[in-house]
Amino acid sequence: MTAPSAGGQRTRQPRPKAPARRDMPPIDRKARLRIPPHHVTKQLPAERVHNWDEVYYGYTPEPAMFEAQRCIQCPAEPCVAACPIGNDIPGALAQLELGRIAPAAAIFRATSEMPELCGRLCPQEQLCEGHCVVGKNAKPVAIGKLEAFVADWDRRQRGGFPVPAPSHASGGRVAVVGSGPAGLAVAEQMRRAGHDATVFEVWPSAGGVLRYGIPNFKSAKSIVDEKIESLREAGVEFRTGVRVGRDVSWDALRAFDAVFLAHGAGAGRRLRLPGEELMHVSSATDFLVRANLPPEDLPAGQREKPYVGRHVVVVGGGDTSMDCVRSAVRLGAEHVTLLYRRSENEMAGRVEERRHAREEGVHFEYLTTPVRLLGRDGAVRAVECVRMELGEPDESGRRRPSPIEGSNFVIDADAVVVAVGYSVDPELLGPESGVVVDDWGQIVVDPAGRTSQPGVFAGGDNVNGADLVVTALASAHQAVPAMLDYVAERIAERTPAAG
């Protein structure tokens, strides 16, 4: 369960309205509701299990324009209200249906540093598409895939992401710890304002969870590469393989005008069951990075592909567990089983991901939880499980599972992956930081992203708990205005007064 943030309500940056809506013909909403949806094509399951390419092929211009016409431009804009960063979705789709793809992309980029990735990774069925008025009586407008399409098209036309060019050199210096979505967003905004930005990343390559936590079949790593390159071209410095407190001291960080902490929540939780120490039992993070990344992007001890054998069991129920089971299939496992202690109705992940996993041959054991891992010669060989039944709702609002006495059974397992959630690694900050954290180890911030230490700000999963790419962006946007003010004050303090 994700713990509540101490930072209060998120604030949104002002978003531009789309002037093109004023020169559109009158909207016949009833006629638009009769337009059938245009589905995006994707790889067949029998093909995609043998590669790591993105499942969806994506829109081309004409079908995308056709799909955008299904937006009825409703005055209430519930899709915008449901977007954590307040994307002007009707404005972008109004441009797209007229064939103005670059202006549509510009509208998304006005509120998002990475619409290509949000369009692929956001749970749109819970956010914008889940609140789409069209979806009340038909399939909602494919907002996410349209966002990804216009951003991809725009990036191809430009030859890469737009580079945030500063208008002047301010003399300000900002340190960013972590290069996931929140860290990259802050680095971009600081560089745009003319400040020098240095990003410290503990992994060998930049990108954080975008590179190390998300498989290629959901989002190609080339997009992350292009994003990092655009920031490098803008003057952002990336120092990889650097751990705060070990390779760079807090005294060194305090020499910057401001620090933004965006190191995420990457510590995988354990089952705490007998046998968890056996060989071929791994955390989701270790399994995914070794499965999905080339050796040069990994530390020396993680460069071999994970062992899967014939039978793989994954424990969990969120999107990370879907990433694990689908990666196990692609690694060659013959039987992949997911164990989840509640029913499918209580699962927090995306329906689309579960559908893809089933299409790829994954077997789901609902209302099932492991109680012991069984080994032979030091390696896991099976998982002892027990059936569960659901009772009254717990603090998360989901019905609480409890074991059914005498229902134990055993599943073969040559490898087990634990994907039961993430928390903030308490060792990443260390006592020298002086930054106050809550009972979950998450950084306590005020509504402007300020921590307990002057000049130190924070945002993303290390504040909110493990969450979405788009909520990490929203958290970064929350901190940017106060950071800009703070850096400006520091610059003014060391600038001689005129006269």
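Quick caveat, the model's predicted, so the values are computed rather than measured. (Residues numbered from 1 in each chain as written. Predicted model: local features only at pLDDT ≥ 70, side-chain atom pairs only at ≥ 80, totals over all residues. Heavy atoms only, no water.)

Trainee: Outline the sheet that holds strand 8 (residues 335–339), supporting the account with residue identities and numerical values.
Mentor: Ordered in space as 6-14-7-8-9, the five strands form an open sheet in which the pairing is parallel. Both outer strands of the open sheet, strand 6 (281–283) and strand 9 (363–365), are each paired with one neighbouring strand and no more. Averaged over all adjacent pairs, the angle separating strand axes in this sheet is 20°, with direction ignored. Where helix 14 (residues 319–330) meets the sheet, it contacts strand 7 (311–316), strand 8, strand 9 and strand 14 (415–419), and its direction lies at approximately 170° from that of strand 8. (Pairing = 2+ DSSP bridges. Helix = DSSP H or I, 4+ residues; strand = E, 2+ residues; numbered from the N terminus. Axes fitted to C-alpha atoms, helices over the stretch in contact; angles between N-to-C directions. Contact = heavy atoms within 4.5 Å.)

Trainee: An account of the packing of helix 5 (residues 89–97) against helix 8 (residues 143–158) is needed here, citing residue identities and associated values.
Mentor: With their axes 11 Å apart at the nearest point, helix 5 and helix 8 run at an angle of 60° to one another. Considering their axes alone, helix 5 and helix 8 lie oblique with respect to each other. Regarding helix 5 and helix 8, the two cross each other, and that crossing is left-handed. Seen from helix 5, the contacting residues are Ile89, Leu93 and Leu96; seen from helix 8, they are Ile143, Leu146, Phe149 and Val150. (Parallel < 35°, antiparallel > 145°, perpendicular 65-115°, else oblique. Left-handed = near helix turned anticlockwise from the far one by under 90°.)

Trainee: Explain the layout of surface pockets residue by residue, including any values.
Mentor: In this approach a probe as big as a water molecule rolls over the atoms, and the regions it shows empty are the leftover space. One number sums up the size of the second largest pocket: a volume of about 430 Å³. Lining the second largest pocket are 21 residues, and of these Glu129, Lys139, Lys145, Glu352 and Arg355 lie nearest its centre. Residue contributions to the lining of the second largest pocket peak at three residues, all from helix 15 (residues 351–359). For the lining of the second largest pocket, the per-class residue count stands at eight nonpolar, three polar and 10 charged. (1 Å grid on protein atoms, 1.4 Å probe; cavity = no way out; pocket = protein on both sides within 12 Å on 5 of 7 lines; lining within 4 Å. Points joined across faces, edges and corners; volume = space filled by probe spheres on them. Nonpolar A, V, L, I, M, F, W, Y, C, P; charged D, E, K, R; others polar.)

Trainee: Summarise the packing of aromatic side chains; cite the residues concerned and give the values.
Mentor: Scanning the model with the defined rule gives five aromatic pairs in all. Geometrically, the ring pair formed by Trp203 and Tyr212 is stacked, given 4.3 Å between the ring centres and 15° between the ring planes. The exposure class of Trp203 is buried, given its relative accessible area of 19%. The interplanar angle of 75° and the centroid separation of 6.1 Å between the aromatic rings of Phe457 and Tyr486 together place this pair among those described as edge-to-face. Residue Phe457 is located in strand 16 (residues 456–458), and its partner Tyr486 is located in helix 17 (residues 469–493); the two are separated by 29 residues in the primary sequence. Directly above the aromatic system of Tyr56 lies the positively charged group of Lys145, at a separation of 4.2 Å from the ring centroid. (Phe/Tyr/Trp six-rings, centres within 6.5 Å; stacked < 30°, edge-to-face > 60°. Buried < 20%, exposed > 50% of the residue type's maximum accessible area, 1.4 Å probe, protein only. Lys NZ or Arg CZ within 6 Å of the ring centre and 35° of its normal.)

Trainee: I'd love a proper account of helix 6 (residues 101–111), names of residues and values included.
Mentor: Within helix 6, the full set of buried residues consists of Ile101, Ala104, Ala105, Ile107, Phe108, Arg109 and Thr111. Buried-residue contacts for helix 6 involve helix 3 (61–68), helix 5, helix 7 (115–121), helix 8 and helix 17.

Trainee: Describe the pairing of strand 4 (residues 258–261), with residues and values.
Mentor: Residues Ala258 and Phe260 line one face of strand 4 and the alternating positions Val259 and Leu261 line the opposite face, and both faces are buried. Alignment of strand 1 (residues 173–177) against strand 4, held across four bridges, turns out to be parallel. Bridge pairing links Val176 to Phe260 in strand 4. With three bridges connecting them, strand 4 and strand 16 associate as parallel partners. Note on strand 16: the bridge partner recorded for Val259 is Val456.

Trainee: Now, about the environment of Val418: what can you tell me, with residues and values included?
Mentor: For Val418, the position within the fold is in strand 14. With a relative accessible area of 5%, Val418 lands in the buried category. Taking the C-alpha atoms as reference points, Val418 and Ala142, separated by 276 residues in sequence, lie 33 Å from one another. With sequence-adjacent residues up to four places away left out, Val418 is seen in contact with Arg269, Arg270, Leu271, Glu276, Val281, Ser282, Ser283, Ala284 and Val315.

Trainee: Provide a residue-level description of the pattern of salt bridges, including the pertinent values.
Mentor: All told, the structure shown has 38 salt bridges when counted by the stated rule. Between Lys218 and Asp323 there is a salt bridge, and its shortest N-O distance comes to 3.0 Å. You can see Lys218 sitting in the loop between helix 10 (209–212) and helix 11 (221–233) and its partner Asp323 sitting in helix 14, a full 105 residues away along the chain. Judged by relative accessible area, Lys218 falls into the buried class, the value being 17%. What makes Asp323 buried here is its relative accessible area of 3%. As a salt-bridge pair, Arg330 and Glu360 come within 2.9 Å of each other at their nearest N and O atoms. In this pair, Arg330 is assigned in helix 14 and Glu360 in the loop between helix 15 and strand 9, connecting sequence segments 30 residues apart. Both residues of the pair, Arg330 and Glu360, belong to the buried class. Connected through salt bridges with shared partners, the residues Glu54, Arg109, Glu116, Arg120, Asp152, Asp154, Arg155, Arg158 and Glu226 form a single ionic network. (Salt bridge = Lys/Arg side-chain N within 4 Å of Asp/Glu carboxyl O.)

Trainee: Lay out the nonpolar core with the relevant residues and their values.
Mentor: Soluble globular proteins: nonpolar side chains tend toward being buried together. Counting residues in hydrophobic clusters, the biggest one holds 45 residues, and the most contacted among them are Val186, Leu210, Phe238, Phe260 and Met483. Going through the elements one at a time, helix 7, strand 1, helix 9 (181–192), strand 2 (196–201), helix 11, strand 4 and helix 17 are the ones with two or more residues in this core. In terms of residues, this core owes the most to one element, helix 17, which gives 12 residues. Not counting chain neighbours up to four residues away, the residues in contact with Phe238 comprise Ser179, Leu184, Val199, Ala206, Ile228, Leu231 and Arg232. Among the nonpolar cores identified, the runner-up in size contains 27 residues, and Tyr59, Cys79, Ile107 and Phe108 belong to it. (Core = buried A, V, L, I, M, F, W, Y, C linked by side-chain atoms within 4.5 Å.)

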